[in-house]
Amino acid sequence: MGYDLEKIPLQTSPHSTYQDYLDADTREVPGIFREVGNAVVDIADVSKDRYVDRDWYEREREVWEKTWQVACREEHIPEPGDYHVYDIGKRSWLIARNADGSISANANTCLHRGRKLRLESGHADEFRCPFHGFTWSLAGELAHIPCEFDFPQIDKDNFNLHQAQVGTWSGWVFINPDPDAMPLEDYLDPIRRHYEPYKLDQSFLGSHVAKVLDGNWKIIQEAFMESFHSLDTHPQIVGTVDDFGCQYDVWEGKPHVNRMLVPFASASSYVIDQVTEQDVYDDWTGRKELGQDDSAYILADGETARQATAKARREACAAMLGEDMDHVSDAEAVDGWYYNVFPNLMFWGGYGPNMWYRFTPWKDSHEQTLMEVGFLLRHPLGQPKPPPAEMTFLSVDQKWSDAEELGGLGFVLDQDTTNMAAIQQGLNASYKEGVTLASYQENRIRHFHQTLDSYMPKK
Ligand code: FES
Ligand SMILES: [Fe+2]
C-alpha cells in the first residue's frame, strides 16, 4: 500500500471511465465490453422488509419456485447413478445423472409418508426410500411399491417423483421448478452470449469454500454487487482497483443478468496522484509485502501496470490451455467481470480462473446465509474433466483467510464479512423504512430488486 489514506481528498472525480481503459487497450477489445447498459431503474428507496421480515421471506419462496437456479456442477454427477442433493428453503431436490447421460431433478421426498429420500449426495442405481422401500428410478419413475396389494388407491401412472426442469450451461446444472418457465437460454441473456468464446465447456470446479454468515441472503450478495465500498471496507486495494472506473451495466429487457466491470491493476481516483505505475504494479503483484526484490520487474518506458499484468496473465493462460493467447485484450486478461445471474449466482467471465459466488438462505432462515465461493479452472481440450474440488466448510470460528485455496481473496472476504451481521442488525434496529442506493454505483442492486419484485406474489 504505497499511499497515505490521510491525504485522500474529500472530493474526487473520476479520472477514467471503463470505456477509456478499453480505448487504451493494447489489443482489440471484444464488442461485449462496449455494450454499455444504462437502462433506467427506479431510484426510490428499496424497502427494508425484504431483509428483515419473516413474512417477506415466506412470500419470497415463490422466487425459488419460478427461477432458474444453480443446483450443482456437472462434474458433481459425472456417471449414471451419481446424484446431488440440492436444498433450497424448505424444498429439496435430487439431481441425478440418468443412464442416457441426461439429468433429472426429482423432488427429494417420498410419496408414501414423505421421508426425505436422500440426506446427502452419492451414487445409486435407483432411489429406494429407507423407511419402507418405495422405489423410483433415477429419472423419478415409480419402480416398486412394497406390499403393493395394500395400496389399491395408488394410480401407478401417476405416482412418479415431482420434477423440475433442468438445463446446463458452462458446466453449471440449473433447475427451475416452474414447468412454464422461459428457456434457460433466454433467461441467461446476455451472459451466455458474452461468455461464448471462453471455453467454459473445459471448465471444472477447482476450488469450493463455504461458510454460514449472519445476514439475509440478499444482504450478503449485495456486498459483492458494487465497488463503492472499496475505500472504507478494503482501504488496501484502492491503489490497485479503480472503483471510479467501474462500469455498472443494466440492460433494457434483460431482468436476470447484470454486470460490473472492474479495472484491476489500476489505481483509484482517490490515490492516483500519490502513486506511480510501478507502485501500482508492485502493489498488485504483492511483491513489496512478500519482501521480494523490487528490481525483479521494472515496467518498460510508458508501460502501465495493467499492461504488464495482462502480459503475465496471457502467458499463464496459454500454459493452462496449451494455446496461443496473444490475441487476448488487457481487459479480458486483467479485469474483474462481476456478472450476476438472478437470483443468487455471481460468475466471472474470461479464460479463468473464473471466480464464482452463490448465496442461499441457510436452513430456511431469513437471517442466515450459506455463502459459497470458488474458482473454475480449465482442463486441456480432449482430456476428461477432473473431479470437482471438495467443499471446504468453514466453521463459525474460521475465517475465509483460513481457506488456503482462496489465496489473497480470503482476507478481502473477511473484510466484507465484518459488515454483514452489522447490516442485518442495523436494519432490524432502524426507524427508516428503506435503504437509499446510489443512482449509478448501486444500480445493479436496484435492478436486482426490480426483478425480485416481479417474481413476488401479490400480498
Ligand atoms: S416414507 Fe418412504 S417408503 Fe415409507
Ligand atoms: Fe468487498
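Quick notes on the rules
- Residues numbered from 1 in each chain as written.
- Chains lettered and ligands numbered in written order.
- Predicted model: local features only at pLDDT ≥ 70, side-chain atom pairs only at ≥ 80, totals over all residues.
- Heavy atoms only, no water.
- Pairing = 2+ DSSP bridges.
- Helix = DSSP H or I, 4+ residues; strand = E, 2+ residues; numbered from the N terminus.
- Donors = N, O, S within 2.8 Å, 3.2 Å for Na, K, Ca; no water.
- Tetrahedral: all angles 85-135°; square planar, octahedral: opposite > 155°, others 65-115°.
- Buried < 20%, exposed > 50% of the residue type's maximum accessible area, 1.4 Å probe, protein only.
- Contact = heavy atoms within 4.5 Å.
- Domains from an automatic or database assignment.
- Buried area = accessible area lost by both parts, 1.4 Å probe.
- Salt bridge = Lys/Arg side-chain N within 4 Å of Asp/Glu carboxyl O.
- Polar contact = N/O pair within 3.5 Å; in protein donor to acceptor, adjacent residues only side chain to side chain.

Comments concerning the sheet that holds strand 12 (residues 203-214)
(1) Moving on: Spatially, 13-14-15-16-17-18-12-19 is the arrangement adopted by the eight strands of the open sheet, whose pairing is mixed. Pairing within the sheet leaves two strands with one partner each, and these edge strands are strand 13 (247-249) and strand 19 (392-393).
(2) Moving on: In terms of strand pairing, strand 12 meets strand 18 (residues 368-378) through eleven bridges, oriented antiparallel. Among the inter-strand pairings, Ser203 is bridged to a residue of strand 18, identified as Arg378.

Quick look at the coordination of the iron ion (ligand 2)
(1) Moving on: Within the protein, the atoms that donate to the iron ion (ligand 2) are His229 (NE2), His234 (NE2), Asp416 (OD) and Asp416 (OD), at distances of 2.0 to 2.8 Å.
(2) Moving on: Coordination at the iron ion (ligand 2) is irregular, judged from the four donor atoms that bind it and the angles of 51 to 149° they form at the metal.
(3) Moving on: Owing to a relative accessible area of 17%, His229 belongs among the buried residues under this scheme.
(4) Moving on: The exposure class assigned to His234 is buried, which follows from its relative accessible area of 3%.

Thoughts on the pairing of strand 14 (residues 257-262)
(1) Moving on: Extensive coverage of strand 14 is indicated by the burial of six of its six residues.
(2) Moving on: The pairing of strand 13 with strand 14 spans three bridges and is classified as antiparallel. Across the sheet, the residue bridging to Gln247 is Leu261, located in strand 14.

Things to note about the sheet that holds strand 8 (residues 135-136)
(1) Moving on: Within the open sheet, the three strands sit side by side as 7-8-9. Their pairing is antiparallel. Looking at strand neighbours, the two that pair on one side only are strand 7 (127-128) and strand 9 (142-144), the edges of this open sheet.
(2) Moving on: For strand 7 and strand 8, the ladder comprises two bridges, and the chain directions are antiparallel. Residue pairing in the sheet places Arg128 in a bridge with Thr135 of strand 8.

Some remarks on the side chain of Arg61
(1) Moving on: Topologically, Arg61 is positioned in helix 3 (residues 54-66).
(2) Moving on: Setting aside anything within four residues of it in sequence, one finds Arg61 in contact with Arg54, Gly89, Lys90 and Asp364.

Looking at the domain arrangement of the chain
Quite often, the size of an interface is put as the accessible area lost when its parts meet.
(1) Moving on: Here the chain is described as being made up of domain 1 (5-53 + 198-455) and domain 2 (69-184).
(2) Moving on: Between the C-alpha centres of domain 1 and domain 2 there is a distance of 35 Å.
(3) Moving on: On the side of domain 2, 14 residues touch domain 1, which itself brings 16 residues to the contact.
(4) Moving on: Carbon and sulfur atoms supply 70% of the area buried between domain 1 and domain 2, which totals about 1,300 Å² over both sides.
(5) Moving on: At the boundary of domain 1 and domain 2, one finds zero salt bridges.
(6) Moving on: Across the domain 1-domain 2 interface, the total number found is four residue pairs in polar contact (both at pLDDT 80 or more).

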